[in-house]
Amino acid sequence: WYQRRVHGGSTHRSVLFLPNVWDVFTAAEVETAIQKSAVMDTKETTVEVEEEVEEEVPAKEGEEAKTVKKTKKVQKKVTKEEERVVLRPAEFTLHSLLEQHTQDAAEGTVEACLFAANFDEMLQYGKTREILEILRAKKVEADATNATLKRKREEETAERTAQMEKQKEEMEAKRQKLDEERKAKEEEKKAREEEEKDMDEDEKKKRREEEAAKMAEERKAKLEEMKKQREEEAAKKAAEIKAKKEEMEAQLKKQQEEDRARGFRIVKQTLTHIHEHIAAPFEYFDRPAGGSGQVRRETIESALHSLSELTGREVNALLAAVGCPAERGGAPLFYKRLASYTETIDKEVPLPAEPKKEEKKEEKKEEEKKTDAMEEDKKE
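Because the structure is a prediction, the values reported are computed rather than measured. (Residues numbered from 1 in each chain as written. Predicted model: local features only at pLDDT ≥ 70, side-chain atom pairs only at ≥ 80, totals over all residues. Heavy atoms only, no water.)

A. Main features of the overall build of the protein chain. On a plain count of helices and strands, the protein chain comes out with 10 helices and six strands. A total of 380 residues make up the protein chain; the buried ones form 14% of that total. Of the accessible surface of the protein chain, which amounts to about 31400 Å², a share of 50% is contributed by carbon and sulfur atoms. (Helix = DSSP H or I, 4+ residues; strand = E, 2+ residues; numbered from the N terminus. Buried < 20%, exposed > 50% of the residue type's maximum accessible area, 1.4 Å probe, protein only. Areas by Shrake-Rupley, 256 points an atom, 1.4 Å probe, with all protein chains shown as cover.)

Below you can see the structure in the form of C-alpha cells.
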C-alpha cells in the first residue's frame with residue numbers, strides 16, 4: 001500500500017493486491033508465454049540381462065563329460081541418455097503489461113493489466129517524490145551560485161565605476177592643467193609682445209632664436225627621458241621573463257629528478273561519474289528507450305503537478321534551476337548531465353626506458369669518427 005496527499009490536505013491510502021499472473025491469463029496466452037527446451041541427461045543404471053552360459057555336467061560311470069548351455073540373469077551397469085523437457089516461463093515486465101490490449105481479453109487479463117496500471121501509478125508517485133527533493137536541492141545550489149555571481153558582478157561593476165570616476169578625475173585634472181598652461185602661454189605671449197614693441201628687428205630676431213633653441217633643448221631632453229624610460233621598462237620586463245623562465249626550468253628539472261627517483265610520473269586525470277541516486281528516479285520516466293539520458297519537460301512537469309502540492313510558478317522555478325526553463329518550449333531535461341560530477345585523480349605513468357650507456361658511447365665514437373673524417377677532407 002501507499003498513501004498520497006490530495007487537494008485540501010487530506011491523505012488517501014491505496015492498497016494494491018498482487019494477482020497470480022499465471023492464473024489470470026488464458027490457456028493459449030500461457031502456452032505462448034512458456035518456452036520449452038529439451039535437455040539430454042546421462043545416467044548409469046543397473047539392468048538384468050539374460051546371458052547364455054556353458055556349464056559342464058559331471059560325467060556318469062561309463063560316459064563322457066558333457067557341456068550344456070544355460071540362460072542366466074546377470075546384473076550389468078548400462079549408460080543411458082534420457083531427454084528431459086524443461087519449462088521456463090517468459091518474462092513479464094511492467095511495461096509489457098501496461099501495453100497489453102484489454103479489448104476482447106479474458107477477465108483475468110484485464111485484472112492483471114489494471115493492477116499494472118495501479119502499480120505504475122504507485123511507482124510514479126514515489127519517483128516523483130524523489131525528483132521533487134532532488135530539484136529542491138538543486139534549486140538551493142543554483143540560488144547560492146546565482147547569489148555569488150550577482151555579488152561578484154556588483155563588486156566588478158563598483159570597481160569599474162570607481163576606475164571610471166578616477167579616470168574622469170585624472171582627465172579633468174589634465175584638462176585644467178592644459179588650460180592653465182595655455183593661459184600662461186597666452187599671458188607670456190602678450191607680455192613678450194609688449195616688450196617687443198620697444199625693440200628693433202635684430203633684437204626681436206635674436207630673442208626668437210634663443211627661445212627656439214631653448215624649446216629644442218627642452219624637447220630633446222624630454223625625448224631622451226622618454227627613451228630612457230622605455231629602455232628601463234623593456235629591461236625590467238625582459239628580466240622578469242628570464243626569471244620566470246629560469247624558475248619554470250628549475251621546477252621542471254626538480255620534477256624530472258623526483259620522477260626518476262620514483263620510477264614514474266604523476267599526471268592529473270579528470271574523470272566523470274554519475275550519481276545513481278539522482279539519475280534513477282528520472283530513468284523511470286525515460287520511456288520507451290530507457291537510458292537515453294533525457295526526459296521531456298512536459299513529462300516531469302505533469303508528474304510534479306500530480307502531487308497537488310506545487311503551483312505552476314514553483315514548478316517552473318524548479319525546472320529553470322536545472323537548465324530547463326519554460327521559455328525553451330519542448331527542450332528536454334538532460335538528467336544524466338544533472339547527475340554527473342567530475343573528479344580529478346593522480347595517475348601514475350611509467351617512464352620510458354633510458355638508452356644504455358654502451359649505446360651512447362658507440363654513438364659518441366661514431367660522431368668522433370665523422371668529425372675526424374671531415375677534418376681530413378678539409379686538409380686535403
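B. A look at the confidence of the model for the protein chain. Here the protein chain shows a mean pLDDT of 78. Residues at 70 or above account for 76%. Predicted confidence for residues 24-35 stays below pLDDT 50, and this span has 23 contacts to residues more than four positions away or in other chains. (pLDDT = per-residue confidence, 0-100. Contact = heavy atoms within 4.5 Å.)

C. Seen up close, the nonpolar core. The biggest cluster of nonpolar side chains holds 25 residues, and the ones touching the most others in it are Leu135, Phe282, Phe285, Ile300, Leu304 and Leu333. Among the secondary structure elements, those contributing two or more residues to this core are α4 (107-196), α6 (276-284), α7 (297-305), α8 (312-321) and α9 (335-339). Ranked by the residues each element gives to this core, the list is headed by α4, at five residues. Among all residues touching Ile300, those that are not within four sequence positions of it are Ile131, Phe282, Phe285, Val295 and Leu319. (Core = buried A, V, L, I, M, F, W, Y, C linked by side-chain atoms within 4.5 Å.)

D. Region of the structure containing unusual backbone geometry. The backbone of Ser308 sits at a positive phi, close to 60°, despite the residue not being glycine. Relative to the assigned elements, Ser308 resides in the loop between α7 and α8. A residue is classified by how much of its surface remains accessible, and Ser308, at 27% relative accessible area, is partly exposed.

E. Main features of a negative patch on the surface. On the surface, Glu154, Glu155, Glu156 and Glu159 cluster together to form a negatively charged patch. Position of Glu154 among the secondary structure elements: in helix α4. With relative accessibility at 47%, the residue Glu154 sits in the partly exposed group. (Patch = residues over 30% accessible without salt bridge, like charges linked within 9 Å, V, L, I, M, F, W, Y side chains within 5 Å. Salt bridge = Lys/Arg side-chain N within 4 Å of Asp/Glu carboxyl O. Lys, Arg positive; Asp, Glu negative; His and termini not counted. Charge placed at Lys NZ, Arg CZ, Asp CG, Glu CD.)

F. Summary view of the packing of aromatic side chains. Across all of its chains, the model carries two aromatic pairs by this definition. On the basis of an interplanar angle of 5° and a centroid distance of 5.9 Å, the ring pair of Phe282 and Tyr335 is categorised as stacked. Placement of Phe282 in helix α6 and of Tyr335 in helix α9 is noted, with a sequence separation of 53 residues between them. What makes Tyr335 buried here is its relative accessible area of 0%. Cation over ring: Arg337 sits above Phe334, and NZ or CZ is 4.6 Å from the ring centre. (Phe/Tyr/Trp six-rings, centres within 6.5 Å; stacked < 30°, edge-to-face > 60°. Lys NZ or Arg CZ within 6 Å of the ring centre and 35° of its normal.)

G. Structural view of the pattern of salt bridges. Applying the stated criterion across every chain, the model contains 11 salt bridges. A salt bridge links Glu186 to Arg182, with the shortest nitrogen-to-oxygen separation between them at 3.3 Å. Taken together, the residues Glu186 and Arg182, both in helix α4 and four residues apart, mark about one turn of the helix. Overall, Glu186 belongs to the partly exposed group, its relative accessible area being 39%. For Arg182, a relative accessible area of 42% corresponds to the partly exposed category. In this structure, Asp259 and Arg262 form a salt bridge, with 2.5 Å as the shortest nitrogen-oxygen distance. Within this pair, Asp259 and its partner Arg262 are both found in helix α5 (residues 201-262), separated by three residues, close to a single helical turn. Residue class for Asp259 comes out buried when judged on its relative accessible area of 8%.

H. Focus on α5. Between its first and last C-alpha, α5 extends 91 Å over 62 residues, near the 92 Å set by a 1.5 Å rise per residue. Once α5 finishes, Gly263 follows within two positions and takes phi at roughly 95°, a positive value. (Expected span 1.5 Å × (residues − 1).)

I. Representation of the packing of α7 against α8 in the model. Close contact between α7 and α8 brings their axes to 10 Å; oriented N to C, the two are set at 135°. Taken together, the axis directions place α7 and α8 in an arrangement best described as oblique. The element α7 and its partner α8 pack so that their crossing is right-handed. Seen from α7, the contacting residues are Arg297, Ile300, Glu301, Leu304 and His305; seen from α8, they are Gly312, Val315, Asn316 and Leu319. Looking at the contact of α7 with α8 residue by residue, the classes come out as four nonpolar, three polar and two charged. (Axes fitted to C-alpha atoms, helices over the stretch in contact; angles between N-to-C directions. Parallel < 35°, antiparallel > 145°, perpendicular 65-115°, else oblique. Left-handed = near helix turned anticlockwise from the far one by under 90°. Nonpolar A, V, L, I, M, F, W, Y, C, P; charged D, E, K, R; others polar.)

J. View of the environment of Leu307. Its place among the elements puts Leu307 in the loop between α7 and α8. Look at Leu307 and you get buried, because its relative accessible area is 1%. Sequence spacing of Leu307 and Tyr125 is 182 residues, and the spatial spacing of their C-alpha atoms is 7.6 Å.

K. Local environment of the side chain of Thr128. Topologically, Thr128 is positioned in helix α4. A distance of 2.5 Å separates a polar atom in the side chain of Thr128 from the backbone oxygen of Gln124. If sequence neighbours within four positions are ignored, Thr128 has contacts with Phe285, Ala303, Leu304 and Leu307. (Polar contact = N/O pair within 3.5 Å; in protein donor to acceptor, adjacent residues only side chain to side chain.)

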